[in-house]
Amino acid sequence: MGDEENFGLPDIGAEERRFQDIVKGKIKQHLGKYLTKPGVLVPGENNKKYKFTIPEIDLPRFRFGSGQGAGQGSGGKGDSLGPGQPGDEPGEGDEAGDQPGEHGLEVDVTLEELVEWMSEEWELPNIQPKGKKNIESEDFHLHGLRRTGPRAMMSRRRTFKEAYFREIATGRAKPGQQMGFYPIKRDRRFRSWTYEPQPVESALIFFLRDYSGSMDDKKTTLLRTTDWILDLWLSAYYKGVERVYILHDTEAKVVSQEEYYKTSVNGGTEISSGYAKVLELLEKDYDPTDWNVYLFQGTDGDNYNSDNDNALSLAEKLLPSLNLLALNVIQPGGHGGGFREVFLGRFGAEHKVMRTALTTSDDDIEQTIKSFLKRKS
Amino acid sequence: MAALTPELESMRASLEATARSYGLDFFDTVFELVSPHEMLVLAAREGFPTRYEHWRFGMEYRKIKGMHDLGSKIYEMVINNDPAVAYLINDNDAVTQKMVMAHVYAHVDFFKNSMHFQRTNRKMLNEMAAHRDAIRGHVRQQGLETVDGFIDSCLSLDNLIDMQALHLPREGMPARIRQHGQKRDERPAGIPELDWWHPPEKPKEEDPEVFVPQRDIMLFLVEHAPLEDWERDILAMMREESYYYAPQRLTKIMNEGWATYWHTTLMRGEDPAALGRTGESLRPPALDFQEADLYAHLHSRVASTSKRTLNPYKLGYDLFRDIEERWNRGMFGREWEECSSAEELAAWDKHLDQGREFILHVRESYTDAGFLSAFLTRDFCRRKQLYLYDFNERSGQYEITETEWQAVKGGLVRSLTNAGEPIIRVTDDNHRNRTELYLSHEHPGPKGFDLRPGYAQDTLKALHRVWRRPVHLETIREGEGLLISYDGNSVTETEREVPLA
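As the structure is a prediction and not an experimental result, all values here were calculated from the model.

Which parts of the structure should I look at to understand the overall build of chain A?
A tally of helices and strands in chain A yields 10 helices and 12 strands. In chain A, of all internal contacts separated by at least 6 residues, the share reaching a separation of at least 24 is 79%. For chain A, the accessible surface area stands at approximately 19300 Å², while carbon and sulfur atoms represent 48% of it.

Mind showing me how you'd approach the pattern of salt bridges here?
A side chain with one charge may pair with a side chain of the opposite charge, provided their charged atoms come close. Residues and elements named next belong to chain B. Counted according to the given criterion, the structure contains 49 salt bridges over all chains. For lysine 314, the salt bridge is made with aspartate 318, and the minimal N-O distance between the two is 2.9 Å. Taken together, the residues lysine 314 and aspartate 318, both in helix H12 (residues 312-329) and 4 residues apart, mark about one turn of the helix. Of the two residues examined, lysine 314 and aspartate 318, each falls in the buried class. One salt-bridge network, held together by shared partners, links Glu9, Arg12, Glu16 and Arg20.

Help me understand the interface of chain A and chain B, please; the structure alone is not making it clear to me.
The interface is formed by 57 residues belonging to chain A together with 77 residues belonging to chain B. For the pair chain A and chain B, the summed buried surface comes to about 6300 Å²; carbon and sulfur atoms form 57% of the total. Its largest share of buried area at the contact with chain B, chain A owes to Phe62, Gln72 and Leu81 of chain A, together 16% of the area lost on that side. Inspection of the region where chain A meets chain B yields 6 salt bridges. One salt bridge in this structure joins glutamate 145 of chain B and arginine 18 of chain A, with 3.6 Å as the shortest N-O distance. Here chain A and chain B share 21 residue pairs in polar contact (both at pLDDT 80 or more) between them. Elements with a minimum of two residues in the side of chain A that touches chain B: helix H1 (13-29), strand E2 (69-72), strand E3 (80-83) and strand E4 (105-110) of chain A. Top contributing element to the side of chain A that touches chain B by residue count: H1 of chain A, with 6 residues. Counted by class, the side of chain A that touches chain B contains 17 nonpolar, 22 polar and 18 charged residues. Here 4 bridges tie E2 of chain A to strand E4 (residues 386-392) of chain B, and the two strands are oriented antiparallel to one another. By the bridge assignment for E4 of chain B, glutamine 72 of chain A is matched with leucine 386 of chain B.

Explain the environment of asparagine 305 of chain A to me, please; I cannot follow it from the model alone.
By the element assignment, asparagine 305 of chain A lies in helix H8 (residues 305-318). Separated by 35 residues in sequence, asparagine 305 of chain A and glutamate 270 of chain A have C-alpha atoms that sit 9.0 Å apart.

Is there a simple way to think about a nonpolar patch on the surface in this case?
Among the surface-exposed residues, Leu142, Trp193 and Tyr195 of chain A lie close enough to one another that they form a single nonpolar patch of about 320 Å² accessible area. Among the secondary structure elements, leucine 142 of chain A is positioned in strand E5 (residues 136-146).

When you look at the nonpolar core in this model, what are you seeing that I'm missing?
Among soluble globular proteins, nonpolar side chains are generally buried collectively. Grouped together as the largest cluster of nonpolar side chains are 80 residues, with contacts concentrated most on Phe62 of chain A together with Leu221, Ile234, Leu235, Met238, Leu437 and Leu439 of chain B. If one sorts the elements of this core by residue count, helix H8 (residues 229-250) of chain B sits on top with 11 residues. Setting aside chain neighbours within four positions, we find leucine 439 of chain B in contact with Phe62 of chain A together with Ile217, Ile424, Arg425, Val426, Thr427, Leu463, His472, Leu473 and Glu474 of chain B. Among the nonpolar cores identified, the runner-up in size contains 65 residues, and Val108, Ile323, Phe358 and Leu388 of chain B belong to it.

I'm lost on the confidence of the model for chain A in this one. Help?
If pLDDT is low for a region, its predicted coordinates should not be looked at in detail. Residues and elements named next belong to chain A. Model confidence for chain A is summarised by a mean pLDDT of 75, while 73% of its residues fall at 70 or above. Across chain A, helix H4 (residues 156-169) holds the top mean pLDDT of 88, while helix H2 (residues 31-35) sits lowest at 64. The low-confidence segment residues 1-7 (pLDDT under 50) makes 10 contacts with residues lying over four places distant or belonging to another chain. Predicted confidence is poor over residues 86-103, with pLDDT under 50, and the contacts of this stretch with residues over four places away or in other chains come to 44 contacts.

Would you mind going over the sheet that holds strand E12 (residues 354-359) of chain A with me for this structure?
Two modes of strand pairing occur in sheets, parallel and antiparallel, and in both the strands are linked by backbone hydrogen bonds. All names here are of chain A. Pairing within the open sheet is mixed, and its 6 strands lie in the order E9-E8-E7-E10-E11-E12. Taken across any chain shown, the strands that pair with only one partner, and hence form the sheet edges, are strand E9 (252-255) and E12. Each strand axis lies, on average, 20 degrees off the axis of its neighbour in the sheet, ignoring direction. The pairing of strand E7 (residues 203-210) with strand E8 (residues 241-248) spans 8 bridges and is classified as parallel.

Got a minute to help me understand the sheet that holds E2 of chain A in this structure?
The sheet built from 4 strands is open, its strands ordered E2(A)-E4(B)-E5(B)-E3(A) with antiparallel pairing. With partners counted over all chains shown, the strands left at the sheet margins are E2 and E3 of chain A, one partner each. Between one strand and the next, the sheet's axes are offset by a mean angle of 40 degrees, whatever the strand orientation. Relative to strand E5 (residues 397-402) of chain B, E4 of chain B is paired through 5 bridges, and the arrangement is antiparallel. Bridge pairing in E5 of chain B links phenylalanine 391 of chain B to tyrosine 398 of chain B. Where helix H18 (residues 405-416) of chain B meets the sheet, its contacts fall on E2 of chain A together with E4 and E5 of chain B, and the angle it forms with E4 of chain B comes to roughly 70 degrees.

Got a minute to help me understand the environment of proline 284 of chain B in this structure?
Tracing the chain through its elements places proline 284 of chain B in the loop between helix H10 (272-275) and helix H11 (289-302). Judged by relative accessible area, which is 57%, proline 284 of chain B ranks as exposed.

Hey, could you run me through helix H9 (residues 252-268) of chain B in this one?
Owing to its 3.6 residues per turn, the α-helix brings residues three or four apart onto one side. All names here are of chain B. The terminal C-alpha atoms of H9, which comprises 17 residues, lie 24 Å apart, in line with the 24 Å expected from a rise of 1.5 Å per residue. Most of H9 sits inside the fold, with 15 of its 17 residues counted as buried. Once H9 finishes, glycine 269 follows within two positions and takes phi at roughly 80 degrees, a positive value.

Looking at this structure, I do not really get unusual backbone geometry. What am I missing?
Note on backbone geometry: most residues besides glycine have negative phi, and most peptide bonds are trans. Residues and elements named next belong to chain B. With omega at 0 degrees, the peptide bond leading from aspartate 82 into proline 83 counts as cis. For proline 83, the position within the fold is in the loop between strand E2 (77-79) and strand E3 (84-89). Positive phi, normally seen in glycine, also occurs at arginine 432, with a value near 55 degrees. Positionally, arginine 432 belongs in the loop between strand E6 (424-431) and strand E7 (436-441). Here arginine 432 falls in the partly exposed class, since its relative accessible area comes to 48%. Of note in the backbone geometry, asparagine 433 takes a positive phi value of approximately 55 degrees without being a glycine. Within the element layout of this structure, asparagine 433 appears in the loop between E6 and E7. In this structure asparagine 433 comes out as exposed when scored by relative accessible area, which is 65%.

Explain a negative patch on the surface here, please?
All names here are of chain B. Together, Glu393, Glu478, Glu480, Glu495 and Glu497 line one region of the surface with negative charge. Its place among the elements puts glutamate 393 in the loop between E4 and E5. Under the relative-accessibility criterion, glutamate 393 is labelled exposed at 52%.

Explain the side chain of glutamine 72 of chain A here, please?
Secondary-structure assignment places glutamine 72 of chain A in strand E2. Assessed through its relative accessible area of 6%, glutamine 72 of chain A is described here as buried. Reaching out from glutamine 72 of chain A, the side chain makes a polar contact with the backbone oxygen of lysine 384 of chain B at a distance of 3.2 Å. When near neighbours in sequence (up to four residues on either side) are disregarded, glutamine 72 of chain A contacts Thr305, Ser306, Lys307, Leu310, Lys314, Asp318, Lys384, Gln385, Leu386 and Tyr387 of chain B.

Before we go on, may I ask you to explain the packing of helix H6 (residues 144-156) of chain B against H8 of chain B in this structure?
Pairs of packed helices are described in terms of their axes, by the angle between the two and the distance that separates them. Residues and elements named next belong to chain B. Orientation of H6 relative to H8, taken along the N-to-C sense of each, is 45 degrees, at an axis distance of 10 Å. Classed by the angle they form, the pair H6 and H8 counts as oblique. Considering only the axes of H6 and H8, their crossing is right-handed. Between H6, through Thr146, Val147, Phe150, Ile151, Cys154 and Leu155, and H8, the contact on the second element is made entirely by Trp230, Glu231, Ile234, Leu235 and Met238. Residues belonging to the contact of H6 with H8 are distributed by class as follows: 9 nonpolar, 1 polar and 1 charged.

The rules behind these values
- Residues numbered from 1 in each chain as written.
- Chains lettered and ligands numbered in written order.
- Predicted model: local features only at pLDDT ≥ 70, side-chain atom pairs only at ≥ 80, totals over all residues.
- Heavy atoms only, no water.
- Helix = DSSP H or I, 4+ residues; strand = E, 2+ residues; numbered from the N terminus.
- Contact = heavy atoms within 4.5 Å.
- Areas by Shrake-Rupley, 256 points an atom, 1.4 Å probe, with all protein chains shown as cover.
- Salt bridge = Lys/Arg side-chain N within 4 Å of Asp/Glu carboxyl O.
- Buried < 20%, exposed > 50% of the residue type's maximum accessible area, 1.4 Å probe, protein only.
- Buried area = accessible area lost by both parts, 1.4 Å probe.
- Polar contact = N/O pair within 3.5 Å; in protein donor to acceptor, adjacent residues only side chain to side chain.
- Nonpolar A, V, L, I, M, F, W, Y, C, P; charged D, E, K, R; others polar.
- Pairing = 2+ DSSP bridges.
- Patch = residues over 30% accessible without salt bridge, like charges linked within 9 Å, V, L, I, M, F, W, Y side chains within 5 Å.
- Core = buried A, V, L, I, M, F, W, Y, C linked by side-chain atoms within 4.5 Å.
- pLDDT = per-residue confidence, 0-100.
- Axes fitted to C-alpha atoms, helices over the stretch in contact; angles between N-to-C directions.
- Expected span 1.5 Å × (residues − 1).
- Lys, Arg positive; Asp, Glu negative; His and termini not counted.
- Charge placed at Lys NZ, Arg CZ, Asp CG, Glu CD.
- Parallel < 35°, antiparallel > 145°, perpendicular 65-115°, else oblique.
- Left-handed = near helix turned anticlockwise from the far one by under 90°.

So this is what it looks like as C-alpha cells:
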C-alpha cells in the first residue's frame, strides 16, 4: 500500500474482485431467483463456469421514479419509442439494486461456489447408517497418550503428574508434600490421535419424472431445473449416492442422466407405472435395508382418474421402504390435475416420509427444494 | 501514463495559441498520454488517478469495459483542477487528438469561468489523493467490510446537499471535521448574509430553540449525527466530493455544448457566413483538407441523436450556435418578438455581431436549467424536433407525450432543476421529542415527482445507519401524502394529511 503514489496507475483489479464478491453475495442471497433465469444453468455440463447476468448494483438514493424523459427525432404525440424493460415501470414495488440496468453485468460462478451457496442448511431427511457396502470415511480422533510427539501436543497436566510420581518413587518427595521439581524428558506425555473409520450413509435417489403429453415446455423446464439443482447439490454433499432416473407416461423406463434431462414429451399419464418401476427396482436391484431410499417425483398432477387408486395403493406399498417421497407438483398459474389432492387425501399432509410441494413459477423452486430438504427441527 | 510526444506537443502549442486568440481563457492544462486500458481505469475512477478504493469503481470498470468491447470509445476526459489534467489515448490518430485537445481547452475554459465552479476545489487532485490515504487508514483500523459498508451508506445520501449553496464559500468550514461536538449554533464563519444569485437558506435570527430546515443534510449529519471519528471523517469526505461534482452535474449540457462548439470552431476555422464578415481577419481551420473528412466522421459520432436520451453534446452545441446566430442578427428583444411577418422574420438581420461576445457571457452565468429556460425558442424546438416521452404502463411502451414547445421546454427545465434531484430538507432533528430525524420532500404535486418507493426505503435505512435513531421522510405518492419511517427494524408507510399550499 502507498508505494505507487502519484505516478503510474493503481491497479483496479482488487476493486473489480471486491465488486464480484459483492455480486456473488447478492446472487447467493437471491439464489432461487437467479438460478431459475433461463439459460443460467445448462443441465448435463458439469465442472463448467456458470454465467450469471445480474443487473448493475445501483446504490439507493432519494430519486424520482418517473419513466419520463426527453428525446430528439421525428415523431408526433403518441408515437411509440419502443418497449420498456420489465422493472422499468415507475412505482413498481422495487428493491434497490435489483433493477435491470441497460447493461447487465456478467459474473462467472464456479460449480463449487454454486453448490456451496445452495446451502449447508439442506439435508436429506431421515438418513440413517445402512447397508453392507457402506462407504467409509476416516475421522480424526484425539485419544490416549504417547511418550513422543510434537511439543504443541504435550499434555502438561500428565507430564507434571509423571514427574511427581517419579519424585515420589525416587523418595525425593512424599505424597501430599509441596515442593519444586521439574519434569525431565522421560516424563513428557503427548496426546495422540488416530483416524477411525466412520460409517457413511448410503443413499439411493430416484428421480421420477412425468413426461406425458400434458407436461408442456414450461412445466418441463420448471421440473428439470428443480431436479437439476437437487442433483447438483446431492453430488456435492453426499458421496455415497446412487442415482436412478426414471421417466414415465403410461409406462416407465429407466434412463441415463443425460436422457433424463433432455427428453421431453410423450403420451398419456399413469403415475402408477412410475411407482411400479421403483418397486420393481427395489425388489430386484436394491435392497431397502441396505439403502436410504429417496424418491423425488415430479408431475403436473394430471393423472388418469382410473389410475389414481392403483397409484395410491402402489405408493402405500412403497412408503415403508422409503426415507422420503417428495412429490413435486408443477402447476404454472396454480391450476391443473388433482393428483396432489388425491394423494394428500389418502396420506395426509403430516405424513412422516412424505412431503409434497406445489411449484407454480420460477420463484417457487427454492421453496420447493427447501420443503423437501429442510432439517427436522 | 506518459508525456506528449514532440508532434503532439507542437500540435498542442499551436491549438492553445489559437484557442486563446479566440478569447478562451483557461488554466494551464497538462495532457497525459495513456493506453486505452488506462483510459478505462481512469474513466472508472471518474478521471482521478488516485481515488479511494471502493467496489463501485470496480463495477464502473466492468461496465465501461463491456461498452468498450462493444465498440464505444471514450475520447476525452478532463479534470477540473488548476492546472487542469486531461488524457489522450495513445493510439488515436492526429485528427482525433486535435479535436480532443480543442474540446478539452473549452472545458477548462468553462471550469475556470463559469460562476458555478468558482467554489470548487481547484486542488482536487491532491484532495482526492488525501481522501484515498485517509480511507486506507480507516480500512486498516476498522476493516474493509465495515468501512465499505459505511461508504455505501454515505453514497446513498450524497445527493442530499444544497445545490443552491454552490456559491457560498466553504473554506470557512473545514472540509473534514475530525472532532466531535460542533454545536448547531456554531455556524461556519464567512457565509455572506445574502448571495445575489441564490439567496442561501439561512436563519434571519439565530434562535437555538427553533430548528431551521436545511438542505445540506450531509453537513447536518457531519455536524450532529452521533458518529465515530472515522465515520464523521468519511461522511465529510463524501460530502466534499459530492460538492465538487455538483457544478458539473448542473451544467452538463452547457459544458459539453461549449466544448463541442469550440472544437468545431477551431477545427473548421471561422465561418464567414455566420460572422457576416469577409476576408483577411478570419482565422484558418486547424485541419488541412484531407483531415476534414475524418473529422466530419468523428464529429458526427459526437453529435448523434437518440430517441430516448438527449445528447448533451448536440443539444448544447446547437443551442450555443442558435444563440450566437440570434445575437449576430439581432433576433431578440421586443421588436423581434412583435414582428408577425414571416418574410421579415426570415430575413431579419441587424448586423449586431454580438454572438461570440454574448455566448462567452452565457457560459459564465447559467446552469443547464437556466440555459434552456432562457434560450430555448419555439423555432429551435421545432427545428431540432424535441419532445417529451413517458412510459405507458398499459402498452408497456415508451411513448411521445408532448411535442408542444412550451410543454417540452417546461419538462426539460424541470428535469434539470437541482440537477434532476428531489429537493429534500431536514426539518426536525428531535421529532416527537425522541431525537428522531424528520425529512421533508418538497413535492410540487405531479406524479413525475414521486420518489421511487424501494429506493426511498433503502435510502432511509442508510440514513438510519448514520443517524442511529428512527428516521422519517414526508413525501407525496400518487397525490396522497405519505410518511415513510424506518426505526431500525422495519419500514412503515403511513398516510399523511397534505397541508394545502
